[in-house]
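Breakdown of the fold
Listed below are the residues making up each chain.
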Amino acid sequence: MLLALNVGNTTIASGVFQEERLVTHWHLATRYDLTPDELGMNLRHFLNAAQIQAEQIEGIVISSVVPPLNGTLSEACRKYFQTEAAFFDARWGLMPLEVKEPERVGADRIADGLAGYHLYGGPLLVIDFGTATTFNLVSSDGRFLGGAIAPTMELAAETLIQKTAQLFKIELVPPKSVIGKDTTENLQAGIVLGFLALVSGLIERFRREFSRDLRVVATGGRGEFFKEQIRAIEIYDPFLTLKGLHMAWKMRASAKAKGL
């Protein structure tokens, strides 16, 4: 069995693969003060709940955009799973990165592109609605071409409320009209409809500048919401990043077996 961890700024998405099948998954809150013992015991707790023993985990692959936690992750894996974690990044060389600074492309974005291309083909735009909203463009022959990064609705709402004395938290759902009649409807119109327009507009720009045949796949926590609201998004795959890590692990193992 393979344990895959996608370490983001808000959550650590975790999943266990048995051959090709994702058999269980869960999320942990990302905390910078996590100790190796806390992390290791939490991971083992979730595995036990799924009736999986730590000894059944044969490998661990991690994508991380939180470098301060990498040492904690490594130590937890050694102590609680007796294995060295493999940190996935651009240096694995599994996807050509046609950008100015390939070493700075987030491992999660590469995993999204890798899984998206192998599962759904290209040209492809993968939109990951995580702590940030990332737009990841993949060519018809599997090259990562770049993309865009935007804030999330939640971040925009929280920032606006923190900086404005008379505003308050609202439910982030589309209002019936863009013409808000009270403060809640005004905020929903500006934030929710505004971000739907942002995503729709960027999809249209990608198609106009690159290819009208561009497929669009969403993943991440808010991905399903945007899929329901925006017709241009064809597919919602909640486990795309974990699937990309699983694919990367298999591809590297295959290359090693061939002596590459």
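The text that follows walks through the structure, step by step, so that each part is easy to find. (Residues numbered from 1 in each chain as written. Predicted model: local features only at pLDDT ≥ 70, side-chain atom pairs only at ≥ 80, totals over all residues. Heavy atoms only, no water.)

A short note on the side chain of Arg207
- Structurally, Arg207 is set in helix H5 (residues 183-209).
- Summary of buried charges: Arg207 has no salt-bridge partner, and the nearest side chain of opposite charge, Glu234, is 4.1 Å away.
- With residues near it in sequence (within four places) discarded, Arg207 still touches Arg212, Leu214, Val216, Ala232 and Glu234. (Helix = DSSP H or I, 4+ residues; strand = E, 2+ residues; numbered from the N terminus. Buried < 20%, exposed > 50% of the residue type's maximum accessible area, 1.4 Å probe, protein only. Lys, Arg positive; Asp, Glu negative; His and termini not counted. Salt bridge = Lys/Arg side-chain N within 4 Å of Asp/Glu carboxyl O. Contact = heavy atoms within 4.5 Å.)

Considering the environment of Pro174
- Considering the arrangement of structural elements, one finds Pro174 in the loop between helix H4 (153-163) and H5.
- Residue classification places Pro174 among the partly exposed residues on the basis of a relative accessible area of 30%.
- Along the primary structure Pro174 and Gln229 are separated by 55 residues, whereas in three dimensions their C-alpha atoms are 9.1 Å apart.
- Apart from residues lying up to four places away in sequence, Pro174 is in contact with Val192, Leu193, Phe225 and Gln229.

Some words on the layout of surface pockets
- For the largest pocket, the calculated volume is near 890 Å³.
- Taken together, 40 residues make up the lining of the largest pocket; nearest its centre are Asp108, Asp128, Gly130, Thr131 and Ala132.
- Mapped by element, the contributors of at least two residues to the lining of the largest pocket are strand E2 (11-18), strand E3 (21-29), helix H3 (107-120), strand E6 (124-129), strand E8 (144-150), strand E9 (215-220) and helix H7 (240-257).
- For the lining of the largest pocket, the element with the highest residue contribution is E8, accounting for 5 residues.
- Looking at side-chain class alone, the lining of the largest pocket contains 15 nonpolar, 19 polar and 6 charged residues.
- Looking at the second largest pocket, its volume works out to about 260 Å³. (1 Å grid on protein atoms, 1.4 Å probe; cavity = no way out; pocket = protein on both sides within 12 Å on 5 of 7 lines; lining within 4 Å. Points joined across faces, edges and corners; volume = space filled by probe spheres on them. Nonpolar A, V, L, I, M, F, W, Y, C, P; charged D, E, K, R; others polar.)

Quick word on the pattern of salt bridges
- Here the structure, examined in full by the defined rule, presents 14 salt bridges.
- Asp89 serves as the salt-bridge partner of Arg91, at 2.6 Å between the closest nitrogen and oxygen.
- Glu98 serves as the salt-bridge partner of Arg143, at 2.8 Å between the closest nitrogen and oxygen. Residue Arg143 is found in the loop between strand E7 (133-138) and E8, and its partner Glu98 is found in the loop between strand E5 (86-87) and H3; the two are separated by 45 residues along the sequence.
- Judged by its relative accessible area of 25%, Arg143 is partly exposed.
- The network of salt bridges with shared partners includes Arg31, Asp33 and Glu38.

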